[in-house]
Number of protein chains: 2
Amino acid sequence: MTYAQTLHQHLIGRQGSRRDLNTPALLVDLDALERNIAAMADRARQAGLALRPHAKTHKCAAIARRQIEAGALGVCCAKLGEAEALADAGIGGLLITSPVVGASAVARLAALAARSEGLMASVDHPAAVDAIAASGARMTVLVDIDPGLHRTGVADAEAAVALARRIEAAPGLTFGGVQFYCGSQQHIEAFAERRAAIIERTDYLKSVIARLSAAGLAPKIVSGGGTGTHAIDLELGVFTELQVGSYVFMDRQYEECDLTGDGRVPFETSLMLDARVISANHDRLVTVDAGFKAFATEAGAPPILAGAPAGSAYHFMGDEHGCIVPPRGERPPELGEVVTLAAPHCDPTVNLHDAYHVIQGDTLVDIWPLEARGRSA
Amino acid sequence: MTYAQTLHQHLIGRQGSRRDLNTPALLVDLDALERNIAAMADRARQAGLALRPHAKTHKCAAIARRQIEAGALGVCCAKLGEAEALADAGIGGLLITSPVVGASAVARLAALAARSEGLMASVDHPAAVDAIAASGARMTVLVDIDPGLHRTGVADAEAAVALARRIEAAPGLTFGGVQFYCGSQQHIEAFAERRAAIIERTDYLKSVIARLSAAGLAPKIVSGGGTGTHAIDLELGVFTELQVGSYVFMDRQYEECDLTGDGRVPFETSLMLDARVISANHDRLVTVDAGFKAFATEAGAPPILAGAPAGSAYHFMGDEHGCIVPPRGERPPELGEVVTLAAPHCDPTVNLHDAYHVIQGDTLVDIWPLEARGRSA
């Protein structure tokens, strides 16, 4: 049982119980979350593409289950440990999107493949393919293609063909297709600029697919994309499945992106954090109990959603604190009052917490553990 | 049992087992840690001051226990949840350094005071004192004094006296003394500049102590200080106990500080992270499996300690990855090889992990859970 459950289980279902939560408290607005899940599922269905949403964003079986119930093929996991946690919680159709390397990890991968239906891994190096094959794993493997970021992936079409052949020749392994994740293009703020970048990268992807097809290795699966580029990916239709993650929650980084080209925001902010004013000895600022250990710190300040005058700003004040500064002439919130903030960047934010407090209005309706919290190994 | 223990328990005591750890793996060099604990204990003993080291840095009962065995009065905890976790693990002499505010938190505080010997809390507001008194808590409370940071603490000597009187008048509460933590001065890199700043702040602290004494409220406890200012705090001798934290581990932020004024580094880096090369498709850089979710991200890049040519740099590449770039003409490490890095800032780094892999040389000798990981509420 997570500590959040120990502290707050008794509040579930009690009207207005949100205000009794100990803070900082990570919250999910259940109805907004479900609308986000449905909206992305509809958009994909209408475009004729499948979804394999990325669970790195939420690390939570309850959310993965809802995505699969809405039609997703399964979920992506960034790391082997994340996949183990979700598999243990009964989630299937997992694709591990980061390369699995090293004897200890490969042994775990083989064991997971034996117990998790449809488990797939992505590879970008012949030595890694050989190691996975030698482990006795029986599984489908995708070739990861470097989109130019040089983080993971084979360097070019020739390397993709060679690796796909090696997989096919390896006992126990099946070449399932390719992965192509344009990580650095996801957060290009202007739609036209992002679309141009993705069209250019997708032309490259198509050239690699063409080379594979010419070699008799046409990829059945073409997996990639993200929340930032999903509208363009759906339009271009080269992917067979999208690895969208952040749409379930939204955050300040994505609120600042034009996701659709027409200024509409297709998803709602469903992830929030309640922080409490714990020091209030100055007219111009008060201190809340959430700092570096409650929010992602590589993506700027969390925006304030409620509990302080419009135009108030949050500033980090160390590991456990932040300050709320209202505009001149306005009074800051008082000692004990709660301020609600959004995440600067949702993925690293949730990874700091053990559970989601699921709310409808001001009532706590459930607590969902992050089974895969901290699972970077 | 933490996942690290599930994965690695069987490796404990096996010669050279460090290389079999799944990565990223958070490591503590046991001998360096014990030398750091002993060195600070000696420095305090020689200066005639006590230690109440800050457990926010390590969040670990095994480390707190060693600090107390070396002579510490107890440990500080940043938040109530951190104190609960360490109390549950049998650690006593806890001082909660952040104000406890709100009905739910105050009820927990009262319950903790009843079961945790010597528990103390710090306060900075009359309403908070009243709430703690009304909860029925029987405990010692310190007045937190704002050192000018405006994060927590009473604004001036007059407010300190008023609050100390209120504590004394409150049923069940005892005024134990004062807390004074100069958070923004800890990382001033140049020793002379830091010393001048601390001398000035300590003069202010002395003036507050004088006012309290004149009012018949001479503080028995004067708690504060940190690793950055400890040498100066020991020299000035105004504190009765130091809240030093980071010295147990060290990190890049503190390596860049002159801690003693004579260029000596009095503590060793005992905290490290092993990361594995999981993608190696370019001559000029390789990718390791540690990113934003393995390291603090508000304090720059982690320095490389081993596993790559001298002069190599680490750059973050998202949540789960980083790249290692060697100097021109040198080759990066190969696929599967391990690179060892230090923390940019130790406190937020450890809070991302569930356990320490305790090593001597290349042998895993123990695994210590971070009982207080994530305990910001």
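Reading the values: rules and limits
Residues numbered from 1 in each chain as written. Chains lettered and ligands numbered in written order. Predicted model: local features only at pLDDT ≥ 70, side-chain atom pairs only at ≥ 80, totals over all residues. Heavy atoms only, no water. Pairing = 2+ DSSP bridges. Helix = DSSP H or I, 4+ residues; strand = E, 2+ residues; numbered from the N terminus. Least-squares fit on C-alpha atoms with pLDDT ≥ 70 in both. Contact = heavy atoms within 4.5 Å. Buried area = accessible area lost by both parts, 1.4 Å probe. Salt bridge = Lys/Arg side-chain N within 4 Å of Asp/Glu carboxyl O. Polar contact = N/O pair within 3.5 Å; in protein donor to acceptor, adjacent residues only side chain to side chain. Nonpolar A, V, L, I, M, F, W, Y, C, P; charged D, E, K, R; others polar. Axes fitted to C-alpha atoms, helices over the stretch in contact; angles between N-to-C directions. Parallel < 35°, antiparallel > 145°, perpendicular 65-115°, else oblique. Left-handed = near helix turned anticlockwise from the far one by under 90°. Buried < 20%, exposed > 50% of the residue type's maximum accessible area, 1.4 Å probe, protein only.

1. Points about the pairing of strand β14 (residues 322-325) of chain A
Residues and elements named next belong to chain A.
- Bridge count between strand β11 (residues 286-288) and β14: 3 bridges; the pairing is antiparallel. Note that in β14 the partner of Val 286 across the bridge is Ile 324.
- In the sheet, strand β13 (residues 313-316) pairs with β14 via 4 bridges, with the strands oriented antiparallel. Looking at β14, one finds that His 315 is bridged to Cys 323.
- Joining the antiparallel neighbours β13 and β14 is a turn of 5 residues, in which Gly 318 adopts a positive phi near 100 degrees.

2. Topic: the relation of the copies chain B and chain A
- For the pair chain B and chain A, the superposition axis carries a translation of 0.0 Å, the fit reaches an RMSD of 0.0 Å, and the rotation angle comes to 180 degrees. The superposition operator between the copies reduces to a two-fold rotation axis.
- Residue by residue, 100% of the interface of chain B is reproduced at the interface of chain A, so both copies engage with the same surface.

3. A closer look at the interface of chain B and chain A
- If you look at the interface, chain B gives 63 residues, while chain A gives 63 residues.
- Carbon and sulfur atoms supply 53% of the area buried between chain B and chain A, which totals about 5100 Å² over both sides.
- The largest contributions to the chain B side of the interface with chain A come from Tyr3(B), Arg151(B) and Lys293(B), which together make up 13% of the buried area.
- At the junction of chain B with chain A, the criterion picks out 4 salt bridges.
- At the surface where chain B touches chain A, the tally comes to 35 residue pairs in polar contact (both at pLDDT 80 or more).
- Of all elements in the fold, only α1 (3-8), α5 (103-115), α6 (126-134), β10 (271-279) and α11 (346-350) of chain B reach the threshold of two or more residues within the side of chain B that touches chain A.
- Ranked by the residues each element gives to the side of chain B that touches chain A, the list is headed by β10(B), at 4 residues.
- Within the side of chain B that touches chain A, the residues separate by chemical class into 22 nonpolar, 22 polar and 19 charged.

4. Re the packing of helix α7 (residues 157-169) of chain A against helix α8 (residues 191-214) of chain A
Residues and elements named next belong to chain A.
- With their axes 9 Å apart at the nearest point, α7 and α8 run at an angle of 45 degrees to one another. Between α7 and α8, the crossing angle belongs to the class labelled oblique. Every pair of crossing elements has a handedness; the one defined by α7 and α8 is right-handed. Listed contacts from α8 to Ala 157, Glu 158, Ala 160, Val 161 and Ala 164 of α7 are Tyr 204, Val 208, Arg 211 and Leu 212.

5. Side note on helix α4 (residues 80-88) of chain A
Residues and elements named next belong to chain A.
- α4 sits mainly inside the fold: 8 of its 9 residues count as buried.
- Taken as a whole, α4 has its buried residues at Leu 80, Gly 81, Glu 82, Ala 83, Glu 84, Ala 85, Leu 86 and Ala 87.
- Remark: Gly 90 follows α4 within two positions and exhibits a positive phi of approximately 90 degrees.

Nothing here speaks to function; it is all geometry.
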